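Okay, here's what each chain looks like letter by letter:
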Amino acid sequence: EYSMQAKERIESAKKGIAVNFSDVAASKPEVTQTSVSDNQSNGVSSGGDDTAKKYYEAVSLFSQNKFEEAIVILTNIINQGQTEENKDLFEKTHFQIGKCYMKMKDFDNAIDSYKTFARKFPSSNVLKEVVFNMGLSYEEIGEVDKATAFYNKVVDMAPEDNFTAKAKNKIKTL
């Protein structure tokens, strides 16, 4: 009953947008255990275990600026290994780790995480953001030439979007 609302709030949490939970507190919905097949019908596969639950716990920690704690959980998910059932979640986990490192201003680890992501998920729909974030990370550590190279890659990637505009501005600035 609340799955769409929960998904919207999770996406908001990923973006760092504040969410008003007063309507949830008033209704106090009963939380029930969902089966793996229920999760799969919603586009989230838990792989028969707590993987999805752990991932969303890490996303929640991220939204609370508890990046180190989020990384521990995300790393545990990765260490469990990718299965066919958790493939999408595994990709999101790799992406989220890079975001955590960037928020912590640990740009060397962010770059390593994003390199791993690009190698493992070369056709991801967030690859352009990953490449842009690599440019930001290189810029932050003072490697302007590498940053510019990554921004140029973003500009060359289709479709033209917000990341394209940001990359063009960064190139002009550098």
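Scroll up to find the structure this text is about.
The structure presented is a predicted model; accordingly, all values stated were derived computationally and were not measured.

**What to know about the overall build of the protein chain**
What the protein chain contains, in helices and strands, is 10 helices and 0 strands. Ordering the α and β elements of the protein chain from the N terminus gives α-α-α-α-α-α-α-α-α-α. With 174 residues in all, the protein chain has 34% of them scored as buried. A separation threshold of at least 6 residues defines the contact pool for the protein chain, and within that pool the share at least 24 residues apart is 49%. Here the protein chain has roughly 10400 Å² of accessible surface; of this, 49% comes from carbon and sulfur atoms.

**Examining the packing of helix α4 (residues 51-63) against helix α5 (residues 67-80)**
Closest axis-to-axis distance for the α4/α5 pair is 8 Å, and the angle between their directions is 160 degrees. When the axes of α4 and α5 are compared, the pair comes out roughly antiparallel. Crossing of α4 over α5 shows left-handed handedness. The segment α4 lies against α5, with Thr51, Lys54, Tyr55, Glu57, Ala58, Leu61 and Phe62 engaging Phe67, Glu69, Ala70, Ile73, Leu74, Ile77 and Gln80. Partitioning the contact of α4 with α5 into residue classes produces 9 nonpolar, 2 polar and 3 charged.

**Considerations on the pattern of salt bridges**
On inspection of all chains with the given rule, the structure shows 4 salt bridges. Its salt-bridge partner being Lys128, residue Asp161 comes within 3.1 Å of it at the nearest N-O pair. Linking Asp161 in the loop between α9 (144-156) and α10 (162-173) with Lys128 in helix α8 (residues 127-140), this pair joins segments that are 33 residues apart in sequence. On the accessibility criterion, Asp161 (31% relative accessible area) is partly exposed. Judged by its relative accessible area of 8%, Lys128 is buried.

**Concerning the environment of Ala158**
Along the polypeptide, Ala158 turns up in the loop between α9 and α10. Expressed as a C-alpha distance, the spacing of Ala158 and Lys128, which sit 30 residues apart in the sequence, is 8.6 Å.

**With respect to the side chain of Thr93**
Along the chain, the position of Thr93 falls in helix α6 (residues 87-103). Residue classification places Thr93 among the buried residues on the basis of a relative accessible area of 0%. With residues up to four places along the chain from it excluded, the contact list for Thr93 reads Tyr55, Leu74, Ile77 and Ile78.

**A few points about the nonpolar core**
As a rule of thumb, soluble globular proteins bury nonpolar side chains together. By size, the foremost hydrophobic cluster in this structure holds 37 residues, and its most contacted members are Cys100, Tyr114 and Val130. Among the elements of the structure, α4, α5, α6, α7 (107-120), α8, α9 and α10 are those that each provide at least two residues to this core. Per element, the largest residue contribution to this core is 7 residues, and it comes from α6. Val130 has contacts with Phe95, Tyr114 and Phe117, leaving out every residue within four places of it along the chain.

**Quick word on the packing of aromatic side chains**
Two numbers describe a pair of aromatic rings. These are the distance of the centres and the angle of the planes. In the structure shown here, the tally under the stated rule is 8 aromatic pairs. A ring pair is formed by Tyr138 and Phe150, whose centres lie 5.4 Å apart and whose planes are at 15 degrees; its orientation type is stacked. One end of the pair, Tyr138, is in helix α8; the other, Phe150, is in helix α9, and 12 residues separate them in sequence. Accessibility classification places Tyr138 together with Phe150 in one group, the buried group. Grouping aromatic residues by their ring pairs yields a cluster made of Phe95, Tyr114, Phe117 and Phe121. In this structure, Lys153 is placed above the aromatic ring of Phe150, and the distance from its NZ or CZ to the ring centre is 4.7 Å.

Basis of the calculations
- Residues numbered from 1 in each chain as written.
- Predicted model: local features only at pLDDT ≥ 70, side-chain atom pairs only at ≥ 80, totals over all residues.
- Heavy atoms only, no water.
- Helix = DSSP H or I, 4+ residues; strand = E, 2+ residues; numbered from the N terminus.
- Buried < 20%, exposed > 50% of the residue type's maximum accessible area, 1.4 Å probe, protein only.
- Contact = heavy atoms within 4.5 Å.
- Areas by Shrake-Rupley, 256 points an atom, 1.4 Å probe, with all protein chains shown as cover.
- Axes fitted to C-alpha atoms, helices over the stretch in contact; angles between N-to-C directions.
- Parallel < 35°, antiparallel > 145°, perpendicular 65-115°, else oblique.
- Left-handed = near helix turned anticlockwise from the far one by under 90°.
- Nonpolar A, V, L, I, M, F, W, Y, C, P; charged D, E, K, R; others polar.
- Salt bridge = Lys/Arg side-chain N within 4 Å of Asp/Glu carboxyl O.
- Core = buried A, V, L, I, M, F, W, Y, C linked by side-chain atoms within 4.5 Å.
- Phe/Tyr/Trp six-rings, centres within 6.5 Å; stacked < 30°, edge-to-face > 60°.
- Lys NZ or Arg CZ within 6 Å of the ring centre and 35° of its normal.

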